[in-house]
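Coordinate analysis (summary)
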2 protein chains.
Amino acid sequence: MTLAKLQANGDGWAMELNSADPDFLARLDALLPDGTLRAPEPRYLEEPRGRFVGQAGAVACPRTVEDVSTVLRAANEARVGVVPLGGGTGLVGGQLMPDGPAPLVVSLERLTAVRATYPEENVLIAEAGATLANVQAAAEAVGRLFPLSLASEGTAQLGGNLASNAGGLNVLRYGNARDLCLGLEAVLPTGEIWNGLTRLRKDNTGYDLKNLLIGAEGTLGVITAASLKLAPRPAVTGVALFVVPSVEAAITLLARARDMVGEGVSAFEIMHAQGFDFLREHLPELRQPFAKPPEWSVLIELGLGQGQSAEAALTGLFAETVTDGVVSDGMIAQSGAQAAALWALRENIPEANRRIGSVSSHDISVPIRRIPDFIPEARAALLAIDHSFRINCFGHLGDGNLHFNVFPAKGRDRADYEALRGAVKDCVHGLVHAYEGSVSAEHGVGRLKVEDLERYGDPTKLAAMRAIKAALDPNGIMNPGAVLRA
Amino acid sequence: MTLAKLQANGDGWAMELNSADPDFLARLDALLPDGTLRAPEPRYLEEPRGRFVGQAGAVACPRTVEDVSTVLRAANEARVGVVPLGGGTGLVGGQLMPDGPAPLVVSLERLTAVRATYPEENVLIAEAGATLANVQAAAEAVGRLFPLSLASEGTAQLGGNLASNAGGLNVLRYGNARDLCLGLEAVLPTGEIWNGLTRLRKDNTGYDLKNLLIGAEGTLGVITAASLKLAPRPAVTGVALFVVPSVEAAITLLARARDMVGEGVSAFEIMHAQGFDFLREHLPELRQPFAKPPEWSVLIELGLGQGQSAEAALTGLFAETVTDGVVSDGMIAQSGAQAAALWALRENIPEANRRIGSVSSHDISVPIRRIPDFIPEARAALLAIDHSFRINCFGHLGDGNLHFNVFPAKGRDRADYEALRGAVKDCVHGLVHAYEGSVSAEHGVGRLKVEDLERYGDPTKLAAMRAIKAALDPNGIMNPGAVLRA
């Protein structure tokens, strides 16, 4: 069978699943330590934006990789769907299954150990249920940095971060979750355990199963532990907020900063005036640096080595760029408290957004040099749909990754715009596709973007994905309906 | 069928192939532009160490990705094996098929264009047949760095570098070929073209097909072009050769250097006295810096940003480390010519090795902190096999990647040791495995290490690899016998 045929008829993996019914659960319970199977409390079936509610026959909370293997082997034999669950902070519905035969949720919450640290090797091995914040803390305890950092890091778990190839604030310098992972321990859909927790930086022995599981959003197996790359902690850091006259200027500023300090640019986040207005509306306790928010501003963090001065570098960067109009104003934090205050602005934008409630949120990327054209074109197209929209565009400009989120007019509610949501999403995603961009830069496909993937994805890649899914998960039990249509 | 069953019987892909016979070639020729199919001249069937000789019914030299697609579609229908060929510099026989039904070689030598450069985005798009040196030059022409660098870069082609996930001298700082690739254009075994030449840094829409093809050594398709990450060129560079009292001290030196300049350490290469002796024997025209070569020495290259001094950093590093005995002697290049002369020592070690002819060469990696134990244990075990062996251990210490090569006594020939070669390889690879290492750190599996992969690889990973191979290449035409047994 050719890939094209497989794509056309879905043959080989779109099979009927059974519910995790009392009979199955009783059999499974007998195979597992007491207390592993639990009732599906509501907290296992919720997601942050409240758009989906999941369902489940039960929740399994394994303590060991062997228990995960037992669960998957039994579910595979019984053709019962399995939904792996980390911290539940994903924004695309990958962690819950709202319909279909009731699945078994497998929560990694009891696999939380940091198994080992190797500071001389810049390696840390942790289990999938460890929160990202705990992994960061374990790295700090041995004088190292685990650079993955995102708003939900106190709750998000490592396994979910890897399954969704999480991004966040430091991708520019250190890469996303994929780039920070050396190896995995995982259970494949038929229950086999893969012992791939290597500490090696280089190992060219066969296909890259690690990167196949990373970003597969639990559809090809359950990640149970990972060996992670640590980085040296920068000797000095510096934070500044620079006002730029345009998005184009912000891109130039990034290039100048990199010409000056190379990899020393740790973060480069763009913010629009709308974000500051939202903060003022809903988080008035945050002190704002500008009487009138500038249309565009950029938060820069540098992390440099011994004997360097981040403040001097930022001062030099400002002096050079203000001269030729690349920046028009700015402030350089003079203390850790000031740096934290500047970061608090950026980090609280998602919370302000959440309180307002978006009509539609978009996690997009566009080739960097096309962003200055993309933003005004997308804005104009959205305002043509409804001129009252408020658009908050912010994010990881250095990665070409924008959160391009559309909000109700002040005093109105997202429910008022329910009928427009589809048109808004299609407008943004269609334009992103025309600009050679991605409709999911860092949040993944989950269940929310399955149709987008079918519409915008490369057909050969999709066919290959379906063939791989059928090969590794012949009964289609793993996270049914996520990424690929079940 | 479970993965375990698939592994046990090889069902699904181990099929009979046909030879690329005159009938098939005549039919294929009619589908392709004139001059695409050529006679299999000897240069298409050789490899650098002269250990294997290939065979082929013909060589196809497509000019376009569509022609590659035509070739693979026809070969798949006729069940004729296809061996993709880049520069032919691989050291594990992945580029030639010494036996079995005569395959069609597909040489990428006419797909050589640098299609586009995007310096503001640090992206370059090139075709698979471009030499690595040409890709580096195209990056330099727009003021950027393509950091992949290895001894054979004048001949090696980008497609082969990606198919084998090449490593080389700058992995420590910039990663290996995998880490430097943003996207691919490739033809899958059934002839479908995947258009995946993204310039995006972040794109979480589906399985990571890119990383699956990278490192698959041509067994899952033919890479025809790639979009590559460029880096800023360091503003200043500095090179030093430091003498260290032990391998342990070399590891400490690397940690100190990173504490001082962070990512600024571009290369960190260890060399043993044996390497200097080999250079003196076979390349006496190279001026050596020491009257008597030190047992262990390290070549360090720093690349730093504006306003920094690499020479000052190296001087500071030397002053700090000589005080507490981490280094015992050293020299810091005072000019580009001196830097080149130091690099010439390291870069000519493979050539000196080649002229002597190894009994057995090993491209291994070991967790970094275990290297100081591994080296003496491996040396003792080898000398117990034959006390006359000369062992040249050198390479990318910062990556944990050593070239641990075993040579005849002076005045003798590798043929004299032919009977011992198997024992030597088993000795080194067995010990590497016991040390949680890899028997192929950067050269790949090819045909030379298929048995090693079967012996030392994780069984679950191997079963998953076979399932993926069967799913994407159902007729088993792609590079038969490489990586996985045909």
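The name an unreviewed UniProt entry assigns to chain A is Putative FAD-linked oxidoreductase, from the organism Tritonibacter multivorans. Per UniProt, the comment on chain A under Sequence similarities (unreviewed entry) is "Belongs to the FAD-binding oxidoreductase/transferase type 4 family." You can read under Cofactor (unreviewed entry) in the UniProt record for chain A the words "FAD".

Quick word on empty space enclosed by the protein
One pass over the full model with this rule turns up five cavities of 30 Å³ or more. The calculated volume of the largest cavity comes to roughly 130 Å³. For the largest cavity, the full set of lining residues is Pro119, Glu120, Glu121, Asn122, Arg144 and Pro232 of chain A together with Ile251, Leu254, Ala255, Arg258, Asp259 and Ile368 of chain B. Among the elements that make up the lining of the largest cavity, the one with the highest residue count is helix α8 (residues 247–261) of chain B (five residues). Of the residues in the lining of the largest cavity, the class split is six nonpolar, one polar and five charged.

A few points about the UniProt feature "domain: FAD-binding PCMH-type" (unreviewed entry) in chain A
According to UniProt, the feature "domain: FAD-binding PCMH-type" (unreviewed entry) maps to residues 52–233 of chain A in the numbering used here. Across residues 52–233 of chain A, the secondary structure splits into 21% helix and 24% strand, with the terminal C-alpha atoms separated by 39 Å.

Comments concerning the pairing of strand β10 (residues 222–229) of chain B
Residues and elements named next belong to chain B. Of all eight residues in β10, seven are buried, a share of seventy percent or more. In this structure, strand β6 (residues 123–127) lies alongside β10, joined through five bridges in antiparallel fashion. Looking at the pairing, Ala126 lines up with Ala226 of β10. Where strand β8 (residues 181–187) lies against β10, six bridges are found, and the strand directions are antiparallel. Residue pairing in the sheet places Val187 in a bridge with Val222 of β10.

Let's talk about the sheet that holds strand β10 (residues 222–229) of chain A
All names here are of chain A. The strand order across the open sheet built from five strands is β5-β6-β10-β8-β9, with neighbouring strands paired in antiparallel fashion. Across the chains shown, the open sheet's two edge strands, defined by having one partner strand only, are β5 (114–118) and β9 (193–196). The average angle at which neighbouring strand axes cross in this sheet is 15 degrees, direction not considered. Its contacts with the sheet put helix α3 (residues 65–78) on β8 (181–187), β9 and β10, and the angle it makes with β8 is roughly 50 degrees. Contacts from helix α4 (residues 132–141) reach β5, β6 (123–127) and β10, with the element oriented near 145 degrees to β6.

Examining helix α8 (residues 247–261) of chain A
Helical geometry note: an α-helix holds 3.6 residues per turn, so side chains three or four residues apart project in the same direction. All names here are of chain A. Compared with an ideal rise of 1.5 Å per residue, which puts 15 residues at 21 Å, α8 spans 21 Å between its outermost C-alpha atoms and is within 8% of the ideal. Every buried residue of α8 is listed here: Val247, Ala249, Ala250, Ile251, Leu253, Leu254, Ala257, Met260 and Val261. Against the buried residues of α8 lie α6 (171–174), β12 (236–244), β13 (265–272), β14 (296–304), α10 (310–323) and α12 (371–385). Downstream of α8 by one or two residues, Gly262 has phi in the positive range, about 60 degrees.

Concerning the interface of chain B and chain A
At the interface, 81 residues of chain B touch 81 residues of chain A. In terms of surface lost to chain A, no three residues of chain B exceed Lys202, Asn204 and Tyr207 of chain B, which account for 16% of the buried area on that side. At the junction of chain B with chain A, the criterion picks out twelve salt bridges. A salt bridge links Glu120 of chain A to Arg369 of chain B; the nearest nitrogen and oxygen atoms lie 3.8 Å apart. At the boundary of chain B and chain A, one finds 41 residue pairs in polar contact (both at pLDDT 80 or more). For the side of chain B that touches chain A, the secondary structure elements donating two or more residues are α1 (3–9), α6 (171–174), β9 (193–196), α7 (209–213), α8 and α15 (459–472) of chain B. Looking at the side of chain B that touches chain A element by element, the count peaks at nine residues for α15 of chain B. When its residues are assigned to classes, the side of chain B that touches chain A shows 32 nonpolar, 27 polar and 22 charged.

What about the pattern of salt bridges?
Residue and element names in this part refer to chain A. All told, the structure shown has 52 salt bridges over all chains when counted by the stated rule. Asp324 serves as the salt-bridge partner of Arg256, at 2.9 Å between the closest nitrogen and oxygen. On the criterion of sequence distance, the pair formed by Arg256 in helix α8 and Asp324 in the loop between α10 and β15 (329–332) is long-range, its members being 68 residues apart. On the accessibility criterion, Asp324 (45% relative accessible area) is partly exposed. The partner of Arg485 in a salt bridge is Glu454, with the nearest N and O atoms 2.6 Å apart. In this pair, Arg485 sits in the segment after α15 (459–472) while Glu454 sits in helix α14 (residues 450–456), placing the two residues 31 residues apart along the sequence. The class of Glu454 is partly exposed, set by a relative accessible area of 29%. Taken together, the shared-partner salt bridges in this structure form one network comprising Arg38, Glu41, Arg43 and Glu109.

Re the relation of the copies chain B and chain A
Between the two copies of this chain, the relationship is a rotation about some axis together with a displacement along it. Superposing chain B onto chain A takes a rotation of 180 degrees combined with a translation of 0.0 Å along the rotation axis, leaving an RMSD of 0.0 Å. In the structure described here, the two chain copies are related by an operation that fits a two-fold rotation axis. An overlap of 100% is found between the interface residues of chain B and their copies at the interface of chain A, pointing to a shared contact surface.

Some details on helix α9 (residues 273–282) of chain A
Taken as a whole, α9 of chain A has its buried residues at Ala273, Gln274, Gly275, Phe276, Phe278 and Leu279 of chain A. Packed against the buried residues of α9 of chain A are β13, β14, α11 (336–356), β17 (390–396) and β18 (401–407) of chain A.

Quick look at the side chain of Asp399 of chain B
Here Asp399 of chain B lies in the loop between β17 (390–396) and β18 (401–407). Asp399 of chain B sits in the buried class, given a relative accessible area of 5%. Looking at Asp399 of chain B, its side chain comes within polar contact range of the main-chain nitrogen of Leu172 of chain B, at 3.2 Å. When near neighbours in sequence (up to four residues on either side) are disregarded, Asp399 of chain B contacts Arg201 and Lys202 of chain A together with Gly168, Val171, Leu172 and Ile368 of chain B.

Brief notes about the domain arrangement of chain A
Residue and element names in this part refer to chain A. Domains assigned within chain A are domain 1 (3–109 + 445–472), domain 2 (114–232) and domain 3 (236–434). The centre of domain 1, based on its C-alpha atoms, is set 21 Å off from the matching centre of domain 2. Contacts between the two partners involve 20 residues from domain 1, matched on the other side by 22 residues from domain 2. Summing both sides of the interface, domain 1 and domain 2 together bury roughly 1,800 Å²; the carbon and sulfur share of this comes to 66%. Among the residues of domain 1 in contact with domain 2, Val65, Leu108 and Leu472 are the three that bury the most area, contributing 30% of the side total. Viewed at the interface, domain 2 and domain 1 are joined by zero salt bridges. Our enumeration of links across domain 1 and domain 2 arrives at five residue pairs in polar contact (both at pLDDT 80 or more). At the level of elements, α3, β3 (82–85) and α15 are the ones that each hand at least two residues to the side of domain 1 that touches domain 2. Broken down by element, the side of domain 1 that touches domain 2 gets its largest block of residues, seven residues, from α3. In terms of residue class, the side of domain 1 that touches domain 2 is built from ten nonpolar, six polar and four charged.

Rules behind the numbers
Residues numbered from 1 in each chain as written. Chains lettered and ligands numbered in written order. Predicted model: local features only at pLDDT ≥ 70, side-chain atom pairs only at ≥ 80, totals over all residues. Heavy atoms only, no water. UniProt positions renumbered as here; feature names shortened; annotations may be inferred. 1 Å grid on protein atoms, 1.4 Å probe; cavity = no way out; pocket = protein on both sides within 12 Å on 5 of 7 lines; lining within 4 Å. Points joined across faces, edges and corners; volume = space filled by probe spheres on them. Helix = DSSP H or I, 4+ residues; strand = E, 2+ residues; numbered from the N terminus. Nonpolar A, V, L, I, M, F, W, Y, C, P; charged D, E, K, R; others polar. Buried < 20%, exposed > 50% of the residue type's maximum accessible area, 1.4 Å probe, protein only. Pairing = 2+ DSSP bridges. Axes fitted to C-alpha atoms, helices over the stretch in contact; angles between N-to-C directions. Contact = heavy atoms within 4.5 Å. Expected span 1.5 Å × (residues − 1). Buried area = accessible area lost by both parts, 1.4 Å probe. Salt bridge = Lys/Arg side-chain N within 4 Å of Asp/Glu carboxyl O. Polar contact = N/O pair within 3.5 Å; in protein donor to acceptor, adjacent residues only side chain to side chain. Least-squares fit on C-alpha atoms with pLDDT ≥ 70 in both. Domains from an automatic or database assignment.

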